[in-house]
Amino acid sequence: MHKIITVVFSMLLLFCCSSKEETSINQTYVFEDVYTFKLKETIAFPLDSVSPYYSRCVQYFEDKTDSTTYFVRQNEQKNSLYFYDYATKKLKRVLTLPEEGAKGVGMIEGFYIHTLDSIFLPSTNTQALYLVNGKGDILQKYRYNRQSTKDIVQVLFAPQTMALVNNKLYCPTPPRGKDRNTTITEVLDLKTKKWTSYTTMPKSYDKGFFGSPTFYLSLRTYNPHTQRFVLSFPIDNYVYEYDLKKQINSHYAGSKYLKDVRPMASSKIWATFQDRHTFYRKSPSYGEIVYDQYRKMYYRIAEKPIPDEYINDKDVLKKETKNYVIVILDEKLKKVGEFVPPVYTYGTIITPVKEGILISNFKKSRENKNEENVYYDLFEVVENKK
C-alpha cells in the first residue's frame, strides 16, 4: 500500500500593461496584461532536526478562540503537524499522530483544520477519514465508500482544495473510473456519515490517451464567497467552475508559454511506467489553482515541458523539475496577467495570506546547509508599469 501511495504522490510532483494577443492551445485570445507578482520579503520558519524543508500540505488560518494566526506544515516522515505562530514565525507546538493503536490514524495524506479541535485527516492505508481534536484524540472515523473489497479509495488533501459546507465535506480524489465519466469528488455528510460521489472530466479528455495518471488528476480551489469550486485539469487550457453539484461555467486560463497538450495516443495503449512518465515530463501541463480571498484573485500554475537535453540529465533537479509560470485571474476568472518566477527556485504550493502570497523557496532552503529553517518568499500583486 505504501508503494501505491508513493507512486501516486511522486506523479503529483514582466510585460507591459496593454492588450496582448497570444496563440493559445485552441484559439487566439486577447487579454489585459494588468498584473504581475513583486517580491516583498523572505520569511523563515525554524525546523527541528527531523523536519524536511519540503511539505506537500500547509494551511494558513486565523483561529478565533485564541486570536492567533497559524501557519501549519505537515511533516510526512513523522506523521506530524507543526503549528507556527505566523506573526512571530515561532513554532508553538507539534501534533504527532500515531499510525497504529488506540489513537492510530494510519499514514495521513494531508490535513484540513476546521478549528483547532476539528482536524480532518485522510488515510489511504486504513481506508478512512479521521476527525481528531487538538490533542490527536479520535472524535470520529469515517470509512471510505468502497465498491468492493479490492477497491482502493484515495482522498487527497492539499491547500485550499477542501470545503466544509452545510455539514458536508467535499474531498478531491483521483479518478475512479475507466473513462471521463468518472468520480473525482467524494462528499462526506458529517451527520449521516455517508459518502456520495460526483463530477466528471471535461470533454477535452476525448482527444485521446494521455498516458501518465498525473494528466488525469483534477486540481481545485474553493471560493467561499460564491460557494463554488474551480477545477484545473493538466491537459486543459480552460478552468471549470462548479457549484456544489455540477459544472456551470468554463473560463480560458491558459498560458502564452505553453503549446498544445497533445495525447500520447488516439486511444488507450499499453506503455511502461517509464514511458508514461517521460511523456509527462516532455509535455506541457497545468497544475494547482488557488483562490486568494484577500485580493479576490485566482492563481494557476502552468508547467513548461522539460527540455529534451535534460530528460536523461544526471542532475535529478533538471530532469524531474518542470519550471512554471503563474497565470493570474480576477474574481470573475478573467485572465489579467502572468508571472514568470526564476527557474529551479520555487515549489508549486501557493498560499495566500493577508500580507501577500507565500511560495516556498526550495533553492534557498536547499542551500541552507545547517537546515535550521525553511524559507518562503512573500509576494505582492502589483500592476504592470507602462
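The rules behind the values
Residues numbered from 1 in each chain as written. Predicted model: local features only at pLDDT ≥ 70, side-chain atom pairs only at ≥ 80, totals over all residues. Heavy atoms only, no water. Core = buried A, V, L, I, M, F, W, Y, C linked by side-chain atoms within 4.5 Å. Buried < 20%, exposed > 50% of the residue type's maximum accessible area, 1.4 Å probe, protein only. Helix = DSSP H or I, 4+ residues; strand = E, 2+ residues; numbered from the N terminus. Pairing = 2+ DSSP bridges. Phe/Tyr/Trp six-rings, centres within 6.5 Å; stacked < 30°, edge-to-face > 60°. Lys NZ or Arg CZ within 6 Å of the ring centre and 35° of its normal. Disulfide = S-S within 2.5 Å. Contact = heavy atoms within 4.5 Å. Axes fitted to C-alpha atoms, helices over the stretch in contact; angles between N-to-C directions. pLDDT = per-residue confidence, 0-100.

Caption draft 1: Main features of the nonpolar core. Membership of the largest hydrophobic core comes to 21 residues, with the highest contact counts inside it found for Tyr170, Phe215, Phe229 and Phe233. If you list the elements that add at least two residues to this core, you get strand S12 (163-165), strand S17 (228-232), strand S18 (238-242) and helix H2 (273-281). Formed by 18 residues, the second largest nonpolar core is a distinct cluster that contains Cys57, Leu95, Leu97 and Tyr130.

Caption draft 2: Focus on the pairing of strand S14 (residues 185-189). Of all 5 residues that make up S14, 5 are buried, and the element is covered over most of its length. Of the strand pairs in this sheet, strand S13 (residues 168-172) and S14 are connected by 5 bridges, and their pairing is antiparallel. Within the sheet, the bridge partner assigned to Lys168 lies in S14 and is Asp189. Bridging between S14 and strand S15 (residues 194-198) involves 5 bridges; their strand directions are antiparallel. Counted as the bridge partner of Glu186 is Ser197 from S15. Once S14 ends, the chain turns through 4 residues before running back antiparallel as S15, passing Lys193 with a positive phi of about 65°.

Caption draft 3: A look at the packing of aromatic side chains. Counted by the stated rule, this structure contains 30 aromatic pairs. Considering the side-chain rings of Phe215 and Phe279, the 5.9 Å spacing of their centres and the 65° angle between planes classify their relative orientation as edge-to-face. One end of the pair, Phe215, is in the loop between S15 and strand S16 (219-223); the other, Phe279, is in helix H2, with 64 residues separating them in the sequence. Taken together through their ring pairs, the aromatic side chains of Tyr205, Phe210, Phe215, Tyr216, Phe233, Tyr240, Phe279 and Tyr280 make up a single cluster. One residue, Arg300, lies across the ring of Tyr286, its end atom 3.9 Å from the ring centre. The ring of Tyr280 carries the charged tip of Lys322 above its face, separated from the ring centre by 3.5 Å.

Caption draft 4: Summary view of unusual backbone geometry. Its identity is not glycine, yet Asn167 carries a phi of approximately 65°, on the positive side. Mapped onto the secondary structure, Asn167 falls in the loop between S12 and S13. Residue Asn167 is classed as partly exposed on the basis of its relative accessible area, which comes to 40%. Residues other than glycine seldom take positive phi values, yet Lys296 does so here, at roughly 55°. Mapped onto the fold, Lys296 is located in the loop between strand S20 (285-292) and strand S21 (297-303).

Caption draft 5: Expanded view of the state of the cysteines. Across all of its chains, the model carries 0 disulfides by this definition. You can see Cys57 has no disulfide; the closest cysteine sulfur is in Cys171, sitting 12 Å from it.

Caption draft 6: Quick peek at the environment of Ala163. Positionally, Ala163 belongs in strand S12. Using a relative accessible area of 1% as the deciding quantity, one classes Ala163 as buried. When sequence neighbours within four positions are dropped, the list of residues in contact with Ala163 reads Lys168, Leu169, Tyr170, Tyr222 and Phe229.

Caption draft 7: Molecular detail of the sheet that holds strand S24 (residues 346-353). Here 4 strands make up an open sheet; going across it, the order is S3-S26-S25-S24 and the pairing antiparallel. Each edge of the open sheet carries a strand with a single partner, namely strand S3 (35-46) and S24. Mean inter-strand twist for the sheet, computed between neighbouring axes without regard to direction, equals 30°. Bridge count between S24 and strand S25 (residues 356-361): 5 bridges; the pairing is antiparallel. When the bridges of S25 are listed, Ile350 appears paired with Ile359.

Caption draft 8: Up close: the sheet that holds strand S23 (residues 335-339). If you trace the 4 strands from one edge of the open sheet to the other, you get S20-S21-S22-S23, paired in antiparallel fashion. A strand with exactly one partner marks an edge of an open sheet, and here the two such strands are S20 and S23. When strand polarity is set aside, the average angle formed by the axes of neighbouring strands in this sheet is 20°. Summarising the sheet, strand S22 (residues 324-329) and S23 pair through 4 bridges and their orientation is antiparallel. Among the inter-strand pairings, Leu329 is bridged to a residue of S23, identified as Lys335.

Caption draft 9: Expanded view of the confidence of the model for the protein. Of all residues in the protein, 91% have pLDDT values of 70 or greater, and the mean over the chain is 89. Of all secondary-structure elements in the protein, the lowest mean pLDDT belongs to helix H1 (residues 2-11), at 39, while S21 reaches the highest, 98. Overall, residues 1-26 carries pLDDT values under 50, and its contacts beyond four positions in sequence, including any with other chains, amount to 71 contacts.

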